[in-house]
Structure formats: C-alpha cells, structure tokens
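Inside the fold
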Amino acid sequence: MATSKSVLVINSGSSSLKYALFDLGKTATCIYQGLVDGIGTSKSFISHRNVPASHHITLQAADCTDHKQGLKKVLELLNFGKGCSGIAAVGHRVVHGGETLTEPTIITHSVKRAIEKAIPLAPLHNPPNLQGIRDAEEIFDCPQVAVFDTAFHGTMPPKAYMYAIPFQLYKELGVRRYGFHGTSYEYLLEQTGYVLNKPKDDLNLIIFHLGAGASMAAIKQGKCIDTTMGLTPLPGLVMATRSGDIDPAIWQMLATEKGLSNEEISTMLNKESGMFGLCGEKDMRAVWDAIEEGSKQHKLALDVFIHRIRTYLGAYLVHLQGQVDALVFSAGIGEASARTRRCICEGLEGFGIEIDAGKNTEGKSKKPMQIHKESSKIKILVIQTDEELHIARQTLQVINSHYQMTSRGA
C-alpha cells in the first residue's frame, strides 16, 4: 500500500496547467489548488490557493517557458522536496482515451502510445495532456495514473454512438461519438446515490453539466446510454463559444461562399460561436443582466440555449421510457443560475417534472439542493461537481489495487 494518501491532480492544457493537491485520509480534503497560465509567454502567472486557510496569492512567472518549468514552480509552492516522496501518486486528466482506454489506469509506455494514437480524435487536448504526463514522470518518483474524460461513456450502445456515414470510417479512423465530461458525470452519479439513498446501479438520471462547455447525459441503471457531445466536444448543446449541433453542410458553405479555410471554420465554430456568436456574451450572468435591460438579442441567445437543452431532455425522457429518478444540474450555470434551471423545467408538469420556485434559489451551494415540489414524480437536484476530487480518488484506488495484486502475486 502507498505510504501516503496525498494525491496531486494535474490537468495540462495547451498553455496552462491546473493542479490540486488532496489528502485522501479519513476525510477527502483539498489542500492546495491553482493554475499556471500563459505558459510560454512573457505574461505567464500562477494563481495559487491554500484551501483550508482560504489564502490566495497570484505570482508572476515569466520564466515558465514550458509545462515542466511551470510544474517545478508549483512544487516550490507545495513545499515538496526532491522526488516529492510525500505524494502517493499523480493523477492526470486525459481528455480522450479512444476505444481502448476506458478505465483509469497506471501509466505505462503502452498507455502513452494509446493516448498518442488518440491524438487525431482530440488534437487540441491530448498533446498537452501527454506532455504533462512526460514532464511529471521526470519530476516525481511515484506512480502516474491517467483518468479519461471519455471513459464513462464507454457503456453507450452502438445505436447511440455510431454515425450514419460509411462504416469503413469507423473501422479505419474510429469515427464515432465518444462523449466528454465523464469524470464529472461519474462523480455526480455517485453523489446522487448518496442524496437519494439508492445504489448508483439502480439510478436512472438525466444529468445537465452546464458550464462554458456544456453537455447532458442519460443514465440508465448507473450506466451512460447517451450523451450530447460526439467525436469532439463541439456538437450537442449551445455553449459559451461552441456552436453545438449544426448542419454539417454549413462547413462547405462557409468554405465556398466565404473562402474560409478548415482552420478558420474550426476556430469560428469552437471559439466564436455559441452564446458569444449569438449575442457577444460568454457569461450567462451577463446574458441575464442584458435581458433584464430589455435586450432582444440576448433573449434570442438564451431561447436558443434553452430550446436545445429541452430538445435533448425530451429525447432522454423517451430513452429512459419515462422512468427517471432525478434531473441533476451541475457545473457553473447548472449550479448557480436558478433562472436558467426554471426555464428548462417550467411547463413540464405533464412529464412529472415540477420545480419549486421557493427552493430554486440563486447562487451556489456546497451542499446538494432538492428543488422539486413534493408532488413531483421526478426529483430535481442541484449538486456541485468536483472533477479533481474524483480523479484523485480514482487515482488512489488504482494504485492501491495495483499494489494489492502485486502483493498477492508475490
């Protein structure tokens, strides 16, 4: 067994490095969390928080020329010595595991090769994820574990994940729907089980992960049977800057009529569309403020956002044959925006969904909220997600299982 229960969670982006250090003793506690941003630029900085002390500092870090230097700066703040012997393991968020990596796993050479093979499926995310792993392997003398965003959706049936395009593209390139936000969904499923006092394998849920990146998932008997994102995180719901579902022929039209390149169209759909494309705002709070001031354009953007969510809600109610234990709202918008939750749920009494205006209050709550009426057939919950904590727990479970198997083998 590991001599320590401290787990460092790393989420390595193209020019950023998010981190969180957890003590997974009797009670799971986040000790430090932070962000190294602007890596490779003269404006790089570190935002670091001592969570128990509620102490936050921001440091300039102009010498963070790459992720490895950024990680070394983080370790100075965490006060770990050479080799970082106080850390039991490092858990890495990896966006795409393809079809082969569907469980949290200790990182080996073959695992790194599989992550590299999945780069065409997540060209913006997997390369920095992989670089973060390689940098951490050079610095830490402890096991490294990869936890995959796509893994939770590995239980989707072929009828849900296949695209109706030539089958050879699936066989040759793995073109299919994978889904994302998996660590969030798995954490929320677990927490919902606690709230409802019901085994997670018995739960039928519709979960709304509504943040800057937004998605939904249908859960049947604790397993994902459908989700809104696809091969990439672009399709599905309207997001802060991503378009969500569009007619694929729009791509060709933009190339023909506007002379845009593939890269320019991809940038438009991923970074210049969604709520930002419709009304110029990425933040739902600013959208609501503008609506209150009478902006029709912002109201249109909200209407499109809500309409898309309710379209998928209707589909998932059908997929679950109306047998739904709860709707679960989470992430930035889902946790904090009572007005948005109201718009999604209002008028659905005929489907057994009755939201209680008195319980549906603005602002985040660390404790789960139940915001349905007593007469509501389907419960409505608001639960704060914690992807980093879930990655930390899975990381410790993986290494403990590995040591137990090794001990039995010896």
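Residues numbered from 1 in each chain as written. Predicted model: local features only at pLDDT ≥ 70, side-chain atom pairs only at ≥ 80, totals over all residues. Heavy atoms only, no water.

The protein carries the name Probable acetate kinase in an unreviewed UniProt entry, which gives Sphagnum jensenii as its organism. Under the Catalytic activity (unreviewed entry) heading, UniProt states for the protein: "acetate + ATP = acetyl phosphate + ADP". (UniProt positions renumbered as here; feature names shortened; annotations may be inferred.)

This part is about the sheet that holds strand E13 (residues 369-370). One open sheet accounts for six strands, arranged E11-E10-E9-E12-E14-E13; its pairing is mixed. What marks the edges here is a single partner per strand, and that holds for strand E11 (223-227) and E13. As defined by bridge partners, strand E9 (residues 205-210) adjoins strand E12 (residues 326-330) across five bridges and the pair is classed as parallel. Among the inter-strand pairings, Ile206 is bridged to a residue of E12, identified as Leu327. The sheet strands contacting helix H13 (residues 338-345) are E9, E12, E13 and strand E14 (379-382), and the helix crosses E12 at an angle near 150°. (Pairing = 2+ DSSP bridges. Helix = DSSP H or I, 4+ residues; strand = E, 2+ residues; numbered from the N terminus. Contact = heavy atoms within 4.5 Å. Axes fitted to C-alpha atoms, helices over the stretch in contact; angles between N-to-C directions.)

Looking now at the layout of surface pockets. Approximately 520 Å³ is the volume attributed to the second largest pocket. Lining the second largest pocket are 24 residues, with Glu103, Phe152, Glu186, Lys200 and Gln394 sitting closest to its centre. Contributions of two or more residues to the lining of the second largest pocket are made by strand E8 (144-148), helix H6 (182-196), E11 and helix H14 (387-409). (1 Å grid on protein atoms, 1.4 Å probe; cavity = no way out; pocket = protein on both sides within 12 Å on 5 of 7 lines; lining within 4 Å. Points joined across faces, edges and corners; volume = space filled by probe spheres on them.)

Before going further, it helps to examine H13. One turn of an α-helix holds 3.6 residues; hence residues three or four places apart share an orientation. Of all the eight residues making up H13, six are buried; the element is thus mostly covered by neighbouring parts of the structure. Directly beyond the C-terminal end of H13, a positive phi value near 75° is found at Gly347. (Buried < 20%, exposed > 50% of the residue type's maximum accessible area, 1.4 Å probe, protein only.)

It is worth spelling out a nonpolar patch on the surface at this point. Side chains of Ile165, Leu169 and Leu173 sit close together on the surface and give an oily, nonpolar patch of about 250 Å² of accessible area. Among the secondary structure elements, Leu169 is positioned in helix H5 (residues 167-173). (Patch = residues over 30% accessible without salt bridge, like charges linked within 9 Å, V, L, I, M, F, W, Y side chains within 5 Å. Areas by Shrake-Rupley, 256 points an atom, 1.4 Å probe, with all protein chains shown as cover. Salt bridge = Lys/Arg side-chain N within 4 Å of Asp/Glu carboxyl O.)

With that out of the way, let us pick up the UniProt feature "active site" (unreviewed entry) in the protein. Cross-referencing UniProt, the feature "active site" (unreviewed entry) maps to Asp149 in the present numbering. Structurally, Asp149 can be placed in the loop between E8 and helix H4 (158-161). Apart from residues no more than four positions distant in its own chain, Asp149 is found in contact with Arg93, Val94, Val95, Gly179, Phe180, His181, Gly182 and Thr183. In this structure the side chain of Asp149 is engaged in a polar contact, spanning 2.6 Å, whose partner is the side chain of Arg93. (Polar contact = N/O pair within 3.5 Å; in protein donor to acceptor, adjacent residues only side chain to side chain.)

Quick look at the packing of helix H10 (residues 284-292) against H13 now. Two elements in contact, H10 and H13, have axes separated by 10 Å at closest approach and are oriented at 80°. On the basis of their axis angle, the class for H10 and H13 is roughly perpendicular. Seen from H10, the contacting residues are Met284, Trp288 and Glu292; seen from H13, they are Arg339, Thr340, Arg342 and Cys343. Residue composition of the contact of H10 with H13, grouped by class: three nonpolar, one polar and three charged. (Parallel < 35°, antiparallel > 145°, perpendicular 65-115°, else oblique. Nonpolar A, V, L, I, M, F, W, Y, C, P; charged D, E, K, R; others polar.)

Residues other than glycine seldom take positive phi values, yet Asn197 does so here, at roughly 55°. Secondary-structure assignment places Asn197 in the loop between H6 and E9. The exposure class of Asn197 is exposed, given its relative accessible area of 72%. Backbone geometry places Gln321, a non-glycine residue, at a positive phi of 55°. Position of Gln321 relative to the elements: it lies in the loop between helix H11 (296-319) and E12. Since its relative accessible area comes to 64%, Gln321 is described here as exposed.

Take the packing of aromatic side chains next. Using the criterion set out here, one finds five aromatic pairs in the structure. Here the aromatic rings of Phe167 and Tyr170 are separated by 5.5 Å at their centres, their planes lie at 50°, and the arrangement is tilted. With Phe167 and Tyr170 both in helix H5, this residue pair falls three residues apart, about one helical turn. Taking the centre distance of 6.0 Å and the plane angle of 55° together, the rings of Tyr312 and Tyr316 count as tilted. On the criterion of helical spacing, the pair formed by Tyr312 and Tyr316 is a turn pair, its members being four residues apart in helix H11. With relative accessibility at 16%, the residue Tyr312 sits in the buried group. For Tyr316, a relative accessible area of 1% translates into the label buried. Each residue in the set Tyr161, Phe167 and Tyr170 is aromatic and connected to the rest through ring pairs, giving one cluster. We note Arg176 situated over the ring of Tyr161; from NZ or CZ to the ring centre the distance is 3.6 Å. The ring centre of Tyr178 lies 4.6 Å from the NZ or CZ of Arg176, which sits over that ring. (Phe/Tyr/Trp six-rings, centres within 6.5 Å; stacked < 30°, edge-to-face > 60°. Lys NZ or Arg CZ within 6 Å of the ring centre and 35° of its normal.)

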